[in-house]
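Understanding the architecture of this molecule
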Amino acid sequence: MMLDKDCHHDCNQNQCPFAQDTRNPNRYVCLKCGIEREINKYSSGFGSFLLLLLGLFISFQLLVNYEKQNDLERQQQSLNSSPNQASTHV
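The present account deals with the structure reproduced in this document. What you see is a predicted model, and the numbers here were worked out from it, not measured in a lab. (Residues numbered from 1 in each chain as written. Predicted model: local features only at pLDDT ≥ 70, side-chain atom pairs only at ≥ 80, totals over all residues. Heavy atoms only, no water.)

1. Quick notes on the overall build of the protein chain
Rule in force here: Where helices and strands are cited, they refer to DSSP runs of H or I of at least four residues and of E of at least two residues respectively, numbered from the N terminus. Any residue under 20% of the maximum accessible area for its type is buried, any over 50% is exposed, and the rest in between are partly exposed; the area is computed with a 1.4 Å probe on protein chains only. By the convention used here, residues are in contact when the closest approach between their heavy atoms is within 4.5 Å. Per-residue and other accessible areas were derived by the Shrake-Rupley procedure at a 1.4 Å probe size, with only the shown protein chains allowed to occlude residues.
Counting its secondary structure elements, the protein chain contains 1 helix and 3 strands. In the protein chain, the order of α-helices and β-strands from amino to carboxyl end is β-β-β-α. Here the protein chain holds 90 residues, and the buried ones make up 13% of them. Of the contacts formed within the protein chain by residues at least 6 apart in sequence, a portion of 24% connects residues at least 24 apart. As displayed, the protein chain offers around 8300 Å² of accessible surface, 55% of which is attributable to carbon and sulfur atoms.

Quick look at the structure:
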């Protein structure tokens, strides 16, 4: 039997002795005062969406920086192997 939610037992709501419902693993009930909580409830997904956007942005930035670095290395290699270097044939 569950107690009324307005029950004033000696337990603090932050320190209630919660027990898991055997029929619903997401539902927990305080053994003293009967307060119900759904501890494993999932959020709306907005935070996950923001994390996905952040991950995509970081990936894009890393890809752009990698391409810039490769372009600079190719330019340096082409300058080092250009025919404008002085030849020392006598």
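2. Re the pairing of strand E2 (residues 27–30)
For the record, the criterion: Any two strands with at least two DSSP bridges between them are considered paired.
Burial of E2 is two-sided: the residues Arg27 and Val29 facing one way and the residues Tyr28 and Cys30 facing the other way are all buried. Of the pairings in the sheet, the one linking strand E1 (residues 18–20) to E2 comprises 3 bridges and is antiparallel in character. Counterpart to Gln20 in the pairing with E2 is Tyr28. Counting the residues in the hairpin turn of E1 and E2 gives 6 residues. When E2 meets strand E3 (residues 36–38), the two strands line up antiparallel, connected through 3 bridges. The partner of Arg27 across the bridge, within E3, is Glu38. Here E2 hands over to E3 after 5 residues, with Gly34 in that stretch at a positive phi of 85°.

That is the geometry; function is a separate question.
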